[in-house]
2 protein chains.
Amino acid sequence: MTDDRDRATVAIVGAGLIGAAWAALFAHHGFAVRLWDPQAGALDRAAEALPRLSAQLSEISAARGGPGDVRRCDTLPQAVSGAVLIQESAPEDVPLKHALLAEIETAMVPEAIIASSTSALTWSELAPGLADPARLITAHPFNPPHLVPLVELFGSDPARVDAAEALYRAAGRVPVRLRKDATGHIANRLASALWREAVHMVQEGIADVEAIDAALVNGPGLRWSVLGAHMAYHLGGGPQGMAGYLDHLGPSQERRWASLGTPSLTPEVQAALIDGVAREAEGRSIAELEAARDAALIALLRARTSGA
Amino acid sequence: MTDDRDRATVAIVGAGLIGAAWAALFAHHGFAVRLWDPQAGALDRAAEALPRLSAQLSEISAARGGPGDVRRCDTLPQAVSGAVLIQESAPEDVPLKHALLAEIETAMVPEAIIASSTSALTWSELAPGLADPARLITAHPFNPPHLVPLVELFGSDPARVDAAEALYRAAGRVPVRLRKDATGHIANRLASALWREAVHMVQEGIADVEAIDAALVNGPGLRWSVLGAHMAYHLGGGPQGMAGYLDHLGPSQERRWASLGTPSLTPEVQAALIDGVAREAEGRSIAELEAARDAALIALLRARTSGA
């Protein structure tokens, strides 16, 4: 634990899985963290989780702080009063978030940033909760938030989005900005589009759940961890890059788009999905699968930072 | 170079980028490789590329062979006569492939497997080229084929698909089987579905090309290199896994699917894509971008094999 006076303070409001991950992350990267939740039980569970989350982070990069730098707060004003960034990670409920944002606003330093971790809601849905909506940005992490570097940002005040971007970079994140507020931000729109076709293939009997997952992990998923979708087509276009790709293969892409499916989550499809992941899990529990996922992510992130 | 008598022989028919990658891969994994192309120039370029491809493979796993195990053949019958697997990697042209398949069929061992690398065509389109279509499978690799482990298999003869699966595993691949013949196999259908939404976001001004690629590489792409799309929702469903996910969030997925876009590759959208990848490339040539991609893939594959 180091002295708070030289360090920026981040308040984490909501100490569930996402909040605990944020707390571990900011502490690891040298921030002073204040953690608050209306439920004492949530704070207990977060305190219990922090050492494990911090240990995972230490496998990827040198620790500039740790669980000792996360201060548990009894009241919301205590948590947010000195913070430059207030990371709101409360349940996905509009009235609840509006009430919470209003309470944060009365206690915060006026020029601080409130960043909502919301996945399902948009900035436009949350902004009415504030007297000054410019104070709010959405800053959506991708699960598990302490390991996956992406944070998707949107806000109405470019200066605050700039400042937030710098803070997330200092916490080892890769912030990405939206130009327009959109449900699902960028990443969950992409994930949803991909999963729609994955479910369609299950529904049509083209491939089993576990075959589709194996294809993704050993094919496009692997490549997308290195190269974006647009850039992949640029490299697939020959010497002319994207222009060559669009000339030669644009029409066939449009035909393929037209052939993609629009499945429904009927009882039969749901049963096929549930049975499929059960076969794929091969008896491993959710906790075991998560541990395997985290270990694999850590190995990849280490490979990245070692100069890939 | 080792003696051919104890090793299975693979014939590579077509010595373009895909064929050269197959040749390097099978040689690296201890197969005797025979390479043929109607154009001598293609064989020259493949011979020139092999040492670099083999060196990349040696960074990932121990070499059981190398460029010296690739024998250049002057005629198609010379290449295919003793092969257990004939990997056809000719241009994506149905009449050309039909003629080639017929020629292979007259020269091959009857119980051998002809595996087409075709990306754009289906098994059903190619099968009429053969007297005995059971001899044909599609075996689609993902670019760059010597590095990305996925091979997608479809054929009408389960015994031959089994045998092919074993051969690809012996070559360090991850074979995945389709249950039904489908354009785009699995991986390119997923890639096409994802890219449709990526292009839609560019068209709608939600995010820039380079922001979308950065979000993918640092978010879902990274996670999909470890965890399939179905399994990710299983882990997102709480203690009940996929069943819990479908109960709680299935309806919101269906709403999100309905909100995804169906863009057109209009001149404006094409210009935005071309400008976007140019900004993202930051002046790097296609060759430089490919080298960076390969280096990153090799680092990740090394991290995987070291027990991730």
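Here is what the cut-offs are and how they apply
Residues numbered from 1 in each chain as written. Chains lettered and ligands numbered in written order. Predicted model: local features only at pLDDT ≥ 70, side-chain atom pairs only at ≥ 80, totals over all residues. Helix = DSSP H or I, 4+ residues; strand = E, 2+ residues; numbered from the N terminus. Rg over C-alpha atoms; globule rule 2.2 N^0.38 Å. Buried ≥ 20, exposed ≤ 12 C-beta atoms within 10 Å, placed from the backbone. Contact = placed C-beta atoms within 7 Å. Domains from an automatic or database assignment. Pairing = 2+ DSSP bridges. Axes fitted to C-alpha atoms, helices over the stretch in contact; angles between N-to-C directions. Nonpolar A, V, L, I, M, F, W, Y, C, P; charged D, E, K, R; others polar. Least-squares fit on C-alpha atoms with pLDDT ≥ 70 in both. Parallel < 35°, antiparallel > 145°, perpendicular 65-115°, else oblique. Right-handed = clockwise from strand over helix to strand, strands pointing away.

### Description of the overall build of chain A
Secondary structure assignment for chain A yields 13 helices and 8 strands. Taken over C-alpha atoms, the radius of gyration comes to 21 Å for chain A, in line with the 19 Å a tight globule of 308 residues would show. On the principal axes, the C-alpha backbone points of chain A span a range of 60 × 45 × 45 Å. Burial analysis of chain A (308 residues in total) assigns 52% to the buried set. Across chain A, the fraction of contacts at a sequence separation of at least 24, relative to all contacts at a separation of at least 6, is 66%.

### Observations concerning unusual backbone geometry
Along the chain, A:N143 connects to A:P144 via a cis peptide bond; the corresponding omega equals -5 degrees. Considering the arrangement of structural elements, one finds A:P144 in the loop between β6 (136–141) and β7 (150–155). Phi is positive for B:H185, which is not a glycine, with a value near 50 degrees. Here B:H185 shows up in the loop between β8 (174–177) and α7 (187–204). One non-glycine residue, B:E282, adopts positive backbone phi at about 50 degrees.

### Considerations on the domain arrangement of chain A
Residues and elements named next belong to chain A. Assigned domains within chain A: domain 1 (4–177) and domain 2 (187–305). Every contact between the two is made by 10 residues of domain 1 and, on the other side, 8 residues of domain 2. Of all elements in the fold, only α2 (40–60) and β7 reach the threshold of two or more residues within the side of domain 1 that touches domain 2. Here the side of domain 1 that touches domain 2 takes 3 residues from α2, the largest share from any one element.

### Quick word on the sheet that holds strand β4 (residues 85–88) of chain A
Residues and elements named next belong to chain A. The strand order β3-β2-β1-β4-β5-β6-β7-β8 describes an open sheet built from 8 strands, whose pairing is mixed. What marks the edges here is a single partner per strand, and that holds for β3 (70–72) and β8 (174–177). Mean inter-strand twist for the sheet, computed between neighbouring axes without regard to direction, equals 25 degrees. As paired elements, strand β5 (residues 113–116) and β6 share 3 bridges and run parallel to each other. Bridge pairing links I114 to L136 in β6. Along the sheet, helix α1 (residues 17–28) contacts β1 (9–13), β2 (32–36), β3, β4 and β6; its crossing angle with β2, the most-contacted strand, is approximately 165 degrees.

### Comments concerning the interface of chain A and chain B
How big an interface is tends to be stated in terms of the accessible area lost upon association of its parts. Taken together, the 91 residues of chain A in the interface contact 92 residues of chain B. Looking at the side of chain A that touches chain B, the element that brings in the most residues is helix α7 (residues 187–204) of chain A, giving 12 residues. For the side of chain A that touches chain B, the residue count by class is 54 nonpolar, 21 polar and 16 charged.

### Some points on the relation of the copies chain A and chain B
Put simply, the second copy of the chain is the first one after a rotation about an axis and a shift along it. Relative to chain B, chain A is turned by 180 degrees and slid 0.0 Å along the rotation axis, the superposed coordinates differing by an RMSD of 0.0 Å. Taken together, the rotation and translation describe the operation of a two-fold axis.

### A few points about the packing of helix α8 (residues 209–218) of chain B against helix α12 (residues 267–281) of chain B
Residue and element names in this part refer to chain B. The contact between α8 and α12 brings their axes to 8 Å, and the two run at 60 degrees. Taken together, the axes of α8 and α12 lie oblique to each other. From α8, V209, E210 and D213 reach across to α12, where they touch A272, L273, G276, V277, R279 and E280.

### Side note on the sheet that holds strand β6 (residues 136–141) of chain B
As summarised here, the arrangement of the 8 strands in space is β3-β2-β1-β4-β5-β6-β7-β8 (chain B), forming an open sheet in which the pairing is mixed. At either margin of the open sheet sits one strand with a lone partner, and together these are β3 (70–72) and β8 of chain B. For this sheet, the mean inter-axis angle between neighbouring strands, taken without regard to orientation, is 25 degrees. Direction of pairing for strand β4 (residues 85–88) of chain B relative to strand β5 (residues 113–116) of chain B: parallel, over a ladder of 4 bridges. Bridging across to β5(B), B:L85 finds its partner in B:I113. Contacting β7 (150–155) and β8 of chain B, helix α8 (residues 209–218) of chain A crosses the sheet at an angle of about 145 degrees to β8(B). Against the sheet, helix α4 (residues 94–107) of chain B contacts β1 (9–13), β4, β5 and β6 of chain B, and its axis sits at roughly 165 degrees relative to β4(B).

### Side note on the pairing of β1(B)
All names here are of chain B. Most of β1 sits inside the fold, with 5 of its 5 residues counted as buried. Side chains of β1 alternate between two faces, with T9, A11 and V13 and V10 and I12 buried alike. Taken together, the 5 bridges between β1 and strand β2 (residues 32–36) define a ladder with parallel strand orientation. The partner of A11 across the bridge, within β2, is R34. Chirality of the crossover, the property in question, places the unit of β1, helix α1 (residues 17–28) and β2 among those that are right-handed.

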